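Close look at the chain arrangement
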Amino acid sequence: MDYIEKAMQRAKAINCPNDTTFFQALREVLVSIKPLIDKHPNYTRHNIIERIISPNREIRFKIEWLDDKNEIQVNNGYRIQFNNALGPYKGGVRFHPTVNPDILKFLAFEQIFKNALTGLHIGGAKGGSDFDPKGKSDNEIMKFCQAFMSSFYNSIGSDIDILGGDIGVGEREVGYLFGQYKQLTNSYDSIITSKPLSLGGSLGRTEATGYGLIYFTQKLLEDRQETLKGKICTISGSGNVAIHAIEKLYDLGAIPVTCSDSRGSIHDSNGIDLALLKKIKLERRASLEYYALERKNAVYVKHEAYKNGSNYVWQIPCFAAFPCATQNELDAIGAQALIDNDVKLVSEGANMPSTPEAIELFVENGVLFAPAKAANAGGVAVSVLEMGQNNSLNYLTFEEVDQRLQQIMSDIYLHMKKTCDEYELGIDLIAAANILGFKRVADAMIAQGVL
Ligand code: NDP
Ligand code: 2IT
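Described in the following lines is the structure provided in the data block. (Residues numbered from 1 in each chain as written. Chains lettered and ligands numbered in written order. Predicted model: local features only at pLDDT ≥ 70, side-chain atom pairs only at ≥ 80, totals over all residues. Heavy atoms only, no water.)

A short note on the layout of surface pockets
Quantified by volume, the second largest pocket comes out at close to 370 Å³. Taken together, 15 residues make up the lining of the second largest pocket; nearest its centre are Glu28, Val31, Pro356, Ile359 and Ile430. For the lining of the second largest pocket, the elements supplying multiple residues, two or more each, are helix 2 (20–32), helix 14 (356–364) and helix 18 (429–448). Here the residues of the lining of the second largest pocket are counted per class, giving seven nonpolar, three polar and five charged. (1 Å grid on protein atoms, 1.4 Å probe; cavity = no way out; pocket = protein on both sides within 12 Å on 5 of 7 lines; lining within 4 Å. Points joined across faces, edges and corners; volume = space filled by probe spheres on them. Helix = DSSP H or I, 4+ residues; strand = E, 2+ residues; numbered from the N terminus. Nonpolar A, V, L, I, M, F, W, Y, C, P; charged D, E, K, R; others polar.)

Structure (structure tokens):
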């Protein structure tokens, strides 16, 4: 049996057989690092694969909190501290009803290699809860965040494990989580990033993932004497990543024409009205249905009304597509429609948004594909800049952060390009990201010895 099937068998034995999202992420990495494993027997000798596919620690806890009716609610909380060979565990926290150990293991596993790609010294982790922030009052959000932190604050620390934002966790939630940590420990330790500025957050962190995605895409295109200027772009999602990707696309003269949320999609052929989108999603926290009510020329399509829930966004002809909502949101139906409409590039803002079938279609049809691990690494990279500012008490301007972000995204691309040349990968940026990330983590594991 080759190392891929052996590792998959072991992963299935030590995890729940239904952890399909984690197995999907795992298989992609295992398959694409083959050129590295074949070339360097050292990794096999040190049994790196078996060691890297198991989380160092999985924490599961109960969260009890009082809602506005004084009724007791109970949720599940998790933190997967997957690998800390390169530095302290680092990764976001997700609050969404779909959160379970499978989803968090996939996210934490991806985070190990993404964090390695940034070139910064951070390990990989992810956490969260099945708590649904939708429809909750501000007081309930605060109560829940406090209970979440109380349940596991003794497992984190600024040189142990640093939390961050993700779906359902933005500045508001981070502020409450941080406040509770301070209350419990009497310490202003930098145990979480994406903090509000008033609590030591970094300028430019809110924008970093979306802006970084577009900077990375720009580098990729520059190398092919192309630009985004004047090009029609489709985006899914309408949260932190999608909104700031749209903002940067406008800065570069592109025309973003779509967005989506958990209920439906918008096509606005005149270009998304960014101010209206921010008002509806960030201020009112409302559904995109209201966008179509206020912009008469925009088309709104509910997911359930469209091809087995496949996102309508991918049916719109475009030069570049940016999935920025959630995992497995770009399926084979969407990929085929994009290809039929002659898409040139797909760049992933969300974590693992393309299904394996969609990726296969893109590869077969020569579509340039920028994988999430590299393309959305700008968020966590600026989180590390936030940690640095907290520790040094020396704060950067927005322009300084933005400059550093551009440099980091450019360096990630250049190192991936070198990896493509070294391992004769052609334009396979998935393999380049996985080989480069894996190699950095594996080398650090070998240097530390068997622990
Ligand atoms: P937000 O919570 O700000 O926004 C999430 C968006 O995705 C919303 O529009 C939401 O719709 C939609 N969405 C969430 N779940 C689903 C679902 N199951 N089906 C369809 N739509 C869904 O999160 P972010 O923008 O921060 O995160 C988006 C993606 O980017 C995630 O994959 C995240 O892991 C990834 N990411 C985030 C980073 C960050 O810095 N924030 C960094 C790197 C990656 P609705 O408004 O209806 O809830
Ligand atoms: O997926 C991700 O990289 C994030 N959600 C950001 C993590 C962080 O710690 O800033």
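Observations regarding the site of ligand 1
Lining the immediate environment of ligand 1, one finds 25 residues, of which Lys134, Asp166, Thr209, Ser262 and Asn351 sit closest. Between Thr209 and ligand 1, the recorded distance is 2.7 Å, taken from a side-chain N or O atom to an oxygen atom. In the model, an oxygen atom of ligand 1 is placed 2.9 Å from a nitrogen or oxygen of the Asn240 main chain. When ligand 1 sits alone it has 890 Å² of accessible area, and the protein chains cover 84% of it. (Near = heavy atom within 4 Å. Polar contact = N/O pair within 3.5 Å; in protein donor to acceptor, adjacent residues only side chain to side chain. Areas by Shrake-Rupley, 256 points an atom, 1.4 Å probe, with all protein chains shown as cover.)

Some remarks on helix 7 (residues 138–152)
Relative to the 21 Å expected for 15 residues at 1.5 Å per residue, helix 7 spans 22 Å between its end C-alpha atoms, a close match to the ideal helical length. If you check which residues of helix 7 are buried, you get Glu140, Ile141, Phe144, Cys145, Ala147, Phe148, Met149 and Phe152. Taken together, the buried residues of helix 7 touch strand 1 (57–66), strand 2 (72–83), strand 4 (93–95), strand 5 (123–129) and helix 8 (171–185). (Expected span 1.5 Å × (residues − 1). Buried < 20%, exposed > 50% of the residue type's maximum accessible area, 1.4 Å probe, protein only. Contact = heavy atoms within 4.5 Å.)

What about the nonpolar core?
Among the nonpolar cores identified, the biggest contains 100 residues, and Leu228, Phe322 and Phe438 are the most heavily contacted of them. Element by element, the count of residues in this core is highest for helix 18, at eleven residues. When sequence neighbours within four positions are dropped, the list of residues in contact with Phe322 reads Leu213, Ile214, Thr217, Leu228, Cys233, Thr234, Ile235, Ser236, Leu249, Trp314 and Ser347. (Core = buried A, V, L, I, M, F, W, Y, C linked by side-chain atoms within 4.5 Å.)

Quick word on the pairing of strand 7 (residues 232–236)
Of all five residues that make up strand 7, four are buried, and the element is covered over most of its length. Bridge analysis of strand 7 against strand 8 (residues 255–256) gives two bridges, and the strand direction is parallel. Within strand 8, the position partnered with Ile232 by the bridge is Ile255. Chirality of the crossover, the property in question, places the unit of strand 7, helix 10 (residues 240–251) and strand 8 among those that are right-handed. (Pairing = 2+ DSSP bridges. Right-handed = clockwise from strand over helix to strand, strands pointing away.)

Examining the site of ligand 2
Taken together, 14 residues sit near ligand 2, with Lys90, Lys114, Gly165, Asp166 and Ser383 positioned nearest. Residue Lys90 places a side-chain N or O atom 2.6 Å away from an oxygen atom belonging to ligand 2. A distance of 2.6 Å separates an oxygen atom of ligand 2 from a polar side-chain atom of Ser383. Those elements giving two or more residues to the shell around ligand 2 turn out to be helix 6 (101–117) and helix 16 (378–392).

Quick look at helix 11 (residues 274–283)
Within helix 11, the full set of buried residues consists of Leu274, Leu276, Leu277, Ile280 and Lys281. The arc enclosing the buried residues of helix 11, seen along the axis, measures out at 160°, which places them on a common side. Facing away from the buried side of helix 11, by more than 90 degrees, are the exposed residues Ala275 and Glu283. Tucked inside the fold, the buried residues of helix 11 contact helix 10, strand 9 (258–260) and helix 12 (289–294). Two or three places before Ala275, at the opening of helix 11, Asp273 has a side-chain oxygen 3.3 Å from that residue's backbone nitrogen. One or two positions beyond helix 11, positive phi appears at Arg285, with a value near 50°. (Arc of directions from axis to C-beta.)

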